[in-house]
Amino acid sequence: MTVLLTGGMGRSAKPLAERLHAANIPFLIANRSGVVPEPFRDRGVQFDWLDSSTYRLPFEADKSIDRVYLIAPSSGDPIPPMKAFIDFAIQQGVKRFVLMSAAPAPIGGPMMGKVHEYLDSLGVEYCALRPSWFFENLVFSLAAWIREHNEIANAVKSGKIGWISNEDIADVAFKALTDSAIEHNNPIMVGPELLTFAQIADLFTDILGRKIAYREVTPTESKEIILKQGRTEEFAEMKSKLEGLLAEGLEERCYYQADFVGKRTMREFIEERKAAWEVGHA
Ligand SMILES: NC(=O)c1ccc[n+]([C@@H]2O[C@H](COP(=O)([O-])OP(=O)(O)OC[C@H]3O[C@@H](n4cnc5c(N)ncnc54)[C@H](OP(=O)(O)O)[C@@H]3O)[C@@H](O)[C@H]2O)c1
């Protein structure tokens, strides 16, 4: 048995690689360069969702791959390449897939809901993980702004999110990849608390010992702030629209349907990653 992790050293695949490593389970880490840092250096394999000539490379590197963790490519329409690779992987002997989907994406719904539906139609073993927002998003999207402006500004307003730790997600993903049978093939996953951004700002204030304010803005203003942080127009458009949906309770509704509730808290995460909010590295 060998597990192929797509999603490189990303937020979701990295803690999963750590668990496989600790359990001595063979695995490969696929990303576009094929280069991964220690202690996984010898596990890296080149793979690009958008270049089908690379699909064979992981299977040439290890003939025992029979399970795959699926993280969508970060650009372009993910559905055609993901279906093509799933077909190819099954031909190479893969029996089980664990897909990173999202809490508000039911089977057949947009984006990963379509890949979930495809896996279901193939009669393979699969698990579509449906987590709420990752704690790690705070590092990616808020850390620099908090350092420079002592505030969080977005259009989520009083919308609540069941934030979840990537460590808790990795615990579930690890079991789905390695258990003899998959316990739940479609778990909605949240953390222990439903939090507004104003509550998160209060946690920052308490932990950092300086006032971090929460400022409500319109989706248009939020888009401008996201662009000022150097993100692409496409990303800023998507994110500011999503904030409007969060304000209307998109993630809060998922919280009340959760199949799995993580243990790690937002306070623990902010404390652990203090350097990200204070000096700019996590
Ligand atoms: N963030 C959230 O709150 C949240 C919540 C629920 C679900 N999700 C879902 O989680 C997924 C993202 O997972 P993540 O946060 O772990 O991703 P991530 O941290 O952005 O990492 C994605 C990795 O995939 C690799 N990659 C990107 N494009 C690729 C390509 N064309 N071919 C091969 N590898 C490629 C990149 O590695 P290289 O650059 O080294 O190639 C990157 O490290 C998305 O589908 C998202 O919808 C996210």
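Predicted model, so just to flag it, every value in this text is computed and none were measured.

**Student:** Any chance you could explain the site of the ligand here in plain terms?
**Tutor:** What surrounds the ligand is a group of 22 residues, the closest being Arg 11, Ser 12, Arg 32, Phe 134 and Asn 137. Taking Arg 11, its main chain carries an N or O atom lying 2.9 Å from an oxygen atom of the ligand. Contact with the protein chains covers 78% of the free accessible surface of the ligand, which is 920 Å². Per-class residue counts for the shell around the ligand are 11 nonpolar, 8 polar and 3 charged.

**Student:** Would you mind going over the state of the cysteines with me for this structure?
**Tutor:** In a disulfide, the sulfur atoms of two cysteines are covalently bonded to one another. Counting across every chain of the model gives 0 disulfides. Residue Cys 127 stays outside any disulfide, its sulfur separated by 16 Å from that of Cys 254, the closest cysteine.

**Student:** Could you clarify how one ought to interpret the packing of aromatic side chains in this entry?
**Tutor:** In this description, a pair of aromatic rings is defined by centroid distance and the angle of the planes. This model, assessed by the stated rule, comprises 17 aromatic pairs. Between Tyr 55 and Phe 85 the ring centres are 5.2 Å apart and the planes differ by 80 degrees, which places this aromatic pair in the edge-to-face class. Residue Tyr 55 is found in the loop between strand 3 (44–46) and helix 2 (56–61), and its partner Phe 85 is found in helix 3 (residues 79–91); the two are separated by 30 residues along the sequence. Note on accessibility: Tyr 55 and Phe 85 belong to one class, buried.

**Student:** Is there a simple way to explain the pairing of strand 5 (residues 96–100) in this structure?
**Tutor:** The buried fraction of strand 5 is high, at 5 of 5 residues. Here strand 4 (residues 65–70) runs beside strand 5; their pairing, made up of 4 bridges, is parallel. Directly across from Leu 70, in strand 5, lies its bridge partner Leu 99. Each parallel crossover has a hand, and the one from strand 4 via helix 3 to strand 5 is right-handed. In this region the chain leaves strand 5, passes through helix 4 (residues 112–122) and returns to the parallel neighbour strand 6 (residues 125–131); the handedness of that crossover is right-handed.

**Student:** Sorry, what's going on with helix 9 (residues 233–247) here?
**Tutor:** Because an α-helix packs 3.6 residues into every turn, residues spaced three or four apart end up facing the same way. Compared with the 21 Å implied by 1.5 Å per residue over 15 residues, the 21 Å span of helix 9 between its first and last C-alpha is a close match. Along helix 9, the positions that sit buried rather than exposed are Ala 236, Lys 239, Ser 240, Glu 243, Gly 244 and Leu 246. Each buried residue of helix 9 sits inside an arc of 165 degrees when the element is viewed along its axis, so together they form one side. Projecting away from the buried face of helix 9 at angles above 90 degrees are the exposed residues Glu 234 and Lys 241.

**Student:** Looking at this structure, how should I read the pairing of strand 6?
**Tutor:** Two faces belong to every sheet, and in a regular strand the side chains alternate between them. Taken across its 7 residues, strand 6 has 6 buried, putting it largely inside the fold. Where strand 5 meets strand 6, 5 bridges bridge the pair, whose relative direction is parallel. Its bridge partner being in strand 6, Phe 97 is matched across the sheet by Tyr 126. Both strand 6 and strand 8 (residues 188–190) contribute to a ladder of 2 bridges, which runs parallel. The partner of Pro 131 across the bridge, within strand 8, is Met 189.

**Student:** What exactly am I supposed to notice about the sheet that holds strand 4 here?
**Tutor:** Strand order in the open sheet formed by 8 strands is 3-2-1-4-5-6-8-10, with parallel pairing between adjacent strands. Among the strands making up the open sheet, the edge pair consists of strand 3 and strand 10 (260–261). Bridge analysis of strand 1 (residues 2–5) against strand 2 (residues 27–31) gives 3 bridges, and the strand direction is parallel. Looking at the pairing, Val 3 lines up with Phe 27 of strand 2. Lying on the sheet, helix 1 (residues 13–22) is in contact with strand 1, strand 2 and strand 4; it crosses strand 1 at an angle near 165 degrees. Those strands touched by helix 6 (residues 166–178) are strand 1, strand 4, strand 5, strand 6, strand 8 and strand 10, and its axis lies near 160 degrees from that of strand 5.

**Student:** Whenever I open this one, helix 8 (residues 219–228) confuses me. Can you help?
**Tutor:** Within helix 8, burial applies to Ser 222, Lys 223, Ile 225 and Ile 226. What you see down the axis of helix 8 is that its buried residues fit within an arc of 160 degrees, all on one side. Exposed residues on helix 8 whose side chains face more than 90 degrees from its buried face are Thr 220 and Lys 228. The secondary structure elements touched by the buried residues of helix 8 are helix 5 (137–149), strand 7 (151–154), strand 9 (213–216) and helix 9.

**Student:** I would appreciate a short explanation of the pattern of salt bridges in the present structure.
**Tutor:** Two side chains that carry opposite charge are able to pair once their charged atoms sit near each other. Throughout the structure, instances matching the rule amount to 19 salt bridges. Between Glu 271 and Arg 267 there is a salt bridge, and its shortest N-O distance comes to 3.7 Å. Of this pair, Glu 271 and Arg 267 both sit in helix 11 (residues 266–272), 4 residues apart, which is roughly one turn of that helix. Classification of Arg 267 as partly exposed rests on a relative accessible area of 32%. A cluster of three or more residues bridged by salt bridges with shared partners is formed by Arg 19, Glu 167, Asp 168, Asp 171 and Arg 264.

The rules behind the values
- Residues numbered from 1 in each chain as written.
- Predicted model: local features only at pLDDT ≥ 70, side-chain atom pairs only at ≥ 80, totals over all residues.
- Heavy atoms only, no water.
- Near = heavy atom within 4 Å.
- Polar contact = N/O pair within 3.5 Å; in protein donor to acceptor, adjacent residues only side chain to side chain.
- Areas by Shrake-Rupley, 256 points an atom, 1.4 Å probe, with all protein chains shown as cover.
- Nonpolar A, V, L, I, M, F, W, Y, C, P; charged D, E, K, R; others polar.
- Disulfide = S-S within 2.5 Å.
- Phe/Tyr/Trp six-rings, centres within 6.5 Å; stacked < 30°, edge-to-face > 60°.
- Helix = DSSP H or I, 4+ residues; strand = E, 2+ residues; numbered from the N terminus.
- Buried < 20%, exposed > 50% of the residue type's maximum accessible area, 1.4 Å probe, protein only.
- Pairing = 2+ DSSP bridges.
- Right-handed = clockwise from strand over helix to strand, strands pointing away.
- Expected span 1.5 Å × (residues − 1).
- Arc of directions from axis to C-beta.
- Contact = heavy atoms within 4.5 Å.
- Axes fitted to C-alpha atoms, helices over the stretch in contact; angles between N-to-C directions.
- Salt bridge = Lys/Arg side-chain N within 4 Å of Asp/Glu carboxyl O.

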